[in-house]
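Secondary and tertiary structure notes
Residues per chain are reported as follows:
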Protein chains: 2
Amino acid sequence: MNSYKDKLRKITPYVPGEQSKDTDIVKINANENPYPPSPRAVEALKNFNTDALRFYPNANATLLKEALAKYYGVGVENVFVGNGSDDVLALAFQSFFCGREAIAYPDITYSFYPVWCELFHIPYKTYPLDEHFRVNVEDYREKNGGVVLPNPNAPTSLGEGEDFIRRLLDYNADSVVIIDEAYVDFGGYSSVALTKEYENLLVCGTFSKSRSLAGMRIGFAIGSAELIGVLEAVKNSYNSYTVDSLSIAMGIASVEDEAYFRTTVDKVIKTRTRVTNELRKRGFEVLDSQTNFIMATHDGYSMKELFEYLKAKKVFIRYFSLPRIEKYIRITIGTDDEMDRFLAEVKSFLEDKQ
Amino acid sequence: MNSYKDKLRKITPYVPGEQSKDTDIVKINANENPYPPSPRAVEALKNFNTDALRFYPNANATLLKEALAKYYGVGVENVFVGNGSDDVLALAFQSFFCGREAIAYPDITYSFYPVWCELFHIPYKTYPLDEHFRVNVEDYREKNGGVVLPNPNAPTSLGEGEDFIRRLLDYNADSVVIIDEAYVDFGGYSSVALTKEYENLLVCGTFSKSRSLAGMRIGFAIGSAELIGVLEAVKNSYNSYTVDSLSIAMGIASVEDEAYFRTTVDKVIKTRTRVTNELRKRGFEVLDSQTNFIMATHDGYSMKELFEYLKAKKVFIRYFSLPRIEKYIRITIGTDDEMDRFLAEVKSFLEDKQ
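Residues numbered from 1 in each chain as written. Chains lettered and ligands numbered in written order. Predicted model: local features only at pLDDT ≥ 70, side-chain atom pairs only at ≥ 80, totals over all residues. Heavy atoms only, no water.

The next thing to look at is unusual backbone geometry. As a rule of thumb, non-glycine residues mostly have phi less than zero, and peptide bonds are mostly trans rather than cis. A cis amide bond, omega -5°, links Asn151(A) with the succeeding residue Pro152(A). Along the chain, Pro152(A) turns up in the loop between strand S5 (147-150) and helix H5 (162-171). The amide bond that connects Ala154(B) to the next residue, Pro155(B), takes the cis arrangement and shows omega of 5°. Position of Pro155(B) relative to the elements: it lies in the loop between strand S5 (147-150) and helix H5 (162-171). In this structure, Asn31(A) is a non-glycine residue whose phi angle is positive, near 55°. With respect to the helices and strands, the residue Asn31(A) is situated in the loop between strand S1 (26-27) and helix H1 (39-46). Residue Asn31(A) is classed as buried on the basis of its relative accessible area of 1%. Positive phi outside glycine occurs at Ser212(B), with the angle close to 55°. Residue position: Ser212(B) is located in the loop between strand S7 (201-206) and strand S8 (219-223). (Helix = DSSP H or I, 4+ residues; strand = E, 2+ residues; numbered from the N terminus. Buried < 20%, exposed > 50% of the residue type's maximum accessible area, 1.4 Å probe, protein only.)

Next up, the structure:
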């Protein structure tokens, strides 16, 4: 028998990290920034003429693109903006992964990639990270329909440098290579300058981590005018107005406040170094993070147990019960106070278990 | 020869209405509301704890869904929200139009429908409106892969009532029927109550017209828990956080301010009646609008010329050089002052041409 149910899409969605309404918690599970957005962004919000919200936003978010173009030293025709970097990446998958061959990415990486492949019917293959969780660039010499890679990678926190990226690009001149730089501001190598040499390179970024604006949904991409043009055409075939007027205003002000940006990023890096050292002193193995989170494990203890223990103490970190990383925990870098509470609870856990 | 360019998507995007930065203009071309958003929505913005913008929004926008559920008298499991109604519609096309048969909609309607069909590879067929620009419901008895219809329709401004919608639903029990109610608050018949009877009915709405929040990008849909569940799964396969924190806060406050909503909607309707009468007095044919815009024509004059004339006078209306409607202009209802200026310029045009 026919039914409208035959025409419904069957799909398994991405599951985001847990959220809690409790206020007494330490929320270091979603890679959010512990510091508030730039005071200049807040001022832009307070000064916004709210009567103008009756109008549609500028469909091209031109002023925000101009601010980003100036900041990154590229042309405005090299900049794309969207409703968070997930929106930008989803549009990029639809724009650039249109060949018949499988696209390529690592086995351990951002868990949204296979979800987009399923949604858009894009074939894909994964290459395993090596035993130190590094990407083997030689894997990507194989013919493919495109490449996507976070750099630094998540949830490993490890980044690759210019040599690696150049080799990746040289091996893949016939595909679009997307480098997802969500975490790059915390110490990674940025490929933005390479977009001037490689027409097939798209670099994606976000205001959700280093700019403390996760609540406003602002993502961007930088690439050749050729790639940006296709991305714009696909975006304008999906939703003309993806970035709202307040996000545009706050985004511009944030980009223009370099001093605040530097100060808060440096604070996160300093705290990361301290927490890494403290954990290592207690026998943890901690990967060398270039992000605002760390991946850690301890030979003598179950990380799943530690995760549950901390949860009971209202310290929320992230645990992935996935092959190869089920022995690790992922901890977002919070304020020094938050990390002190985290470290104290870790100490209690280790002592309880002795 | 192989090239990355072979893997790029080829597509023709939707083209939104013109925008101008000039301040001395009368902008009655994009169906925006002439009145500012609810003062309560503005207050919600001013009172928002901006420190919290460092956090991701609630991925389900639960509080906004609850406000809409209460307003429309449905369950929270019957409500979906998105980044403007274009986002909601684009997700609905991907969620519900997955059969092999062509989906059905009128020849003259929202111009984004064929664009989404092309983007998502959905086959479609169109049925011509009759000579009075009405939809012939009997056309939709033919087997199809789904139905989408704005009610009231755009750019015709004409709406259909309960009998029509019930017949449409009875003819299409085996497909999902999407009723796009972007303009319904200005005097149309809303099918929201029918979602309790018809499991295959999805009703879409927006905060961009009657709620003066086009700048914030808030759209929603109401339907059976079955349909909303699929829509959520597809949305969570695309972008987990589509509605930002400030849009959620302002959206809730707007829905809760019924008095302001009623007052501004009634003002638009009153102005619409006046402008319709004035134009008819001057020999225009004006369709009986149930929206915040009117479709008008005049036997003795070229509407394209009138459009250009008004543009030169900084009065921006919309003209579609498309078959069957190239004899009409579409005028958004502005404030009384704006419409007086529009009417004065129309009078000048008619006199100049005599």
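A few words on the pattern of salt bridges. Residue and element names in this part refer to chain A. Applying the stated criterion across every chain yields a total of 42 salt bridges over all chains. Note that Asp107 is salt-bridged to Arg324, the shortest N-O span being 2.8 Å. Taken together, the residues span a long stretch of sequence, with Asp107 in the loop between strand S3 (103-106) and helix H4 (112-119) and Arg324 in the loop between strand S11 (315-316) and strand S12 (329-332) at a distance of 217 residues. For Arg166, the salt bridge goes to Glu197, with nearest N and O atoms at 2.8 Å. (Salt bridge = Lys/Arg side-chain N within 4 Å of Asp/Glu carboxyl O.)

This paragraph deals with the sheet that holds strand S10 (residues 293-297) of chain A. In a beta sheet, neighbouring strands are held together by backbone hydrogen bonds and run either parallel or antiparallel to one another. All names here are of chain A. Read across the open sheet, the 3 strands follow the order S9-S10-S12; overall the sheet is antiparallel. Pairing within the sheet leaves two strands with one partner each, and these edge strands are strand S9 (285-286) and S12. Of the strand pairs in this sheet, S9 and S10 are connected by 2 bridges, and their pairing is antiparallel. Paired with Glu285 across the bridge in S10 is Thr297. (Pairing = 2+ DSSP bridges.)

Moving on, we come to the nonpolar core. The biggest cluster of nonpolar side chains holds 108 residues, and the ones touching the most others in it are Leu64(A), Leu168(A), Leu246(A), Leu64(B), Leu168(B) and Leu246(B). Other than its neighbours up to four places away in sequence, Leu64(B) contacts Val81(B), Phe207(B), Ile218(B), Ile248(B), Gly251(B) and Ile252(B). Membership of the second largest hydrophobic core comes to 74 residues, among which are Ala90(B), Val148(B), Leu202(B) and Tyr238(B). (Core = buried A, V, L, I, M, F, W, Y, C linked by side-chain atoms within 4.5 Å. Contact = heavy atoms within 4.5 Å.)

Another point: the interface of chain B and chain A. Across the boundary between the two partners, chain B contributes 86 residues, which contact 86 residues of chain A. Across the chain B to chain A interface the summed buried area is about 7,200 Å²; carbon plus sulfur atoms make up 54%. When the area that chain B buries against chain A is broken down by residue, the three leading residues are Lys7(B), Arg54(B) and Tyr238(B), summing to 12%. Our count for the chain B to chain A interface comes out at 3 salt bridges. A salt bridge links Glu226(B) to Lys5(A), with the shortest nitrogen-to-oxygen separation between them at 3.7 Å. (Buried area = accessible area lost by both parts, 1.4 Å probe.)

This brings us to the packing of aromatic side chains. As enumerated under the stated definition, the model contains 43 aromatic pairs over all chains in all. Consider the rings of Tyr110(A) and Tyr113(A), whose centres lie 5.7 Å apart with planes at 85°: the pair is edge-to-face. Taken individually, Tyr110(A) and Tyr113(A) each receive the classification buried, so the pair is uniform in this respect. The structure contains a cluster of three or more aromatic residues connected by ring pairs, namely Phe93(A), Phe97(A), Tyr105(A), Tyr110(A), Phe112(A), Tyr113(A), Trp116(A) and Tyr124(A). The ring centre of Phe207(B) lies 5.6 Å from the NZ or CZ of Arg211(B), which sits over that ring. One Lys or Arg, Lys267(B), reaches over the ring of Tyr35(B) and ends 4.3 Å from the middle of that ring. (Phe/Tyr/Trp six-rings, centres within 6.5 Å; stacked < 30°, edge-to-face > 60°. Lys NZ or Arg CZ within 6 Å of the ring centre and 35° of its normal.)

Turning our eyes to something else, we now look at the side chain of Asn239(B). Topologically, Asn239(B) is positioned in the loop between helix H6 (225-235) and helix H7 (245-256). When neighbours within four sequence positions are excluded, Asn239(B) is seen to be in contact with Asn83(A), Asp86(A), Asp87(A), Phe112(A) and Arg217(A).

Right, let's get into the pairing of S7(B). Consecutive side chains along a regular strand alternate between the two faces of the sheet. All names here are of chain B. Most of S7 is tucked away, with 6 of its 6 residues classed as buried. Here S7 shows two buried faces, one formed by Leu201, Val203 and Gly205 and the other by Leu202, Cys204 and Thr206. Pairing between strand S6 (residues 177-180) and S7: 4 bridges, direction parallel. Within the sheet, the bridge partner assigned to Ile179 lies in S7 and is Val203. One ladder, built from 5 bridges, connects S7 with S8; its direction is antiparallel. Note on S8: the bridge partner recorded for Val203 is Ile222.

Time to look at the sheet that holds strand S9 (residues 285-286) of chain B. All names here are of chain B. Strand order in the open sheet formed by 3 strands is S9-S10-S12, and the pairing between neighbours is antiparallel. Across the chains shown, the open sheet's two edge strands, defined by having one partner strand only, are S9 and strand S12 (329-332). Sheet topology places strand S10 (residues 293-297) next to S12; 4 bridges connect them, and they run antiparallel. The residue bridging Met295 from the neighbouring strand is Arg330, located in S12.

On to the packing of helix H3 (residues 85-96) of chain B against helix H4 (residues 112-119) of chain B. The relative placement of two packed helices is expressed as an angle between their axes plus a distance between the axes. Residue and element names in this part refer to chain B. For the pair H3 and H4, interaxial distance at closest approach is 10 Å and the crossing angle is 45°. Looking at the two axes, H3 sits oblique to H4. As for how H3 packs across H4, the hand of that crossing is right-handed. From H3, Asp86, Leu89, Ala90 and Phe93 reach across to H4, where they touch Phe112, Tyr113, Trp116 and Cys117. Residues that form the contact of H3 with H4 fall into these classes: 7 nonpolar, no polar and 1 charged. (Axes fitted to C-alpha atoms, helices over the stretch in contact; angles between N-to-C directions. Parallel < 35°, antiparallel > 145°, perpendicular 65-115°, else oblique. Left-handed = near helix turned anticlockwise from the far one by under 90°. Nonpolar A, V, L, I, M, F, W, Y, C, P; charged D, E, K, R; others polar.)

Averaged over all residues, the pLDDT of chain A equals 95, while 98% of them reach at least 70. Predicted as a complex, the structure gets a pTM of 0.95 and an ipTM equal to 0.95. (pLDDT = per-residue confidence, 0-100.)

Attention now moves to the environment of Ser3(A). Looking at the secondary structure, you find Ser3(A) in the segment before S1. Within the local environment of Ser3(A), its side chain forms a polar contact with the backbone nitrogen of Lys5(A), the two atoms lying 2.9 Å apart. (Polar contact = N/O pair within 3.5 Å; in protein donor to acceptor, adjacent residues only side chain to side chain.)

Turning our attention to the packing of helix H9 (residues 303-312) of chain B against helix H10 (residues 336-353) of chain B. Residue and element names in this part refer to chain B. Their axes nearest at 10 Å, the elements H9 and H10 cross at an angle of 120°. One element, H9, and the other, H10, form an angle in the oblique class. Seen from above, H9 lies across H10 with right-handed handedness. Counted together, Glu305, Leu306, Tyr309 and Leu310 of H9 and Phe342, Glu345, Val346, Ser348, Phe349, Asp352 and Lys353 of H10 form the full contact between these two elements. When the residues that make up the contact of H9 with H10 are grouped by side-chain class, the tally is 6 nonpolar, 1 polar and 4 charged.

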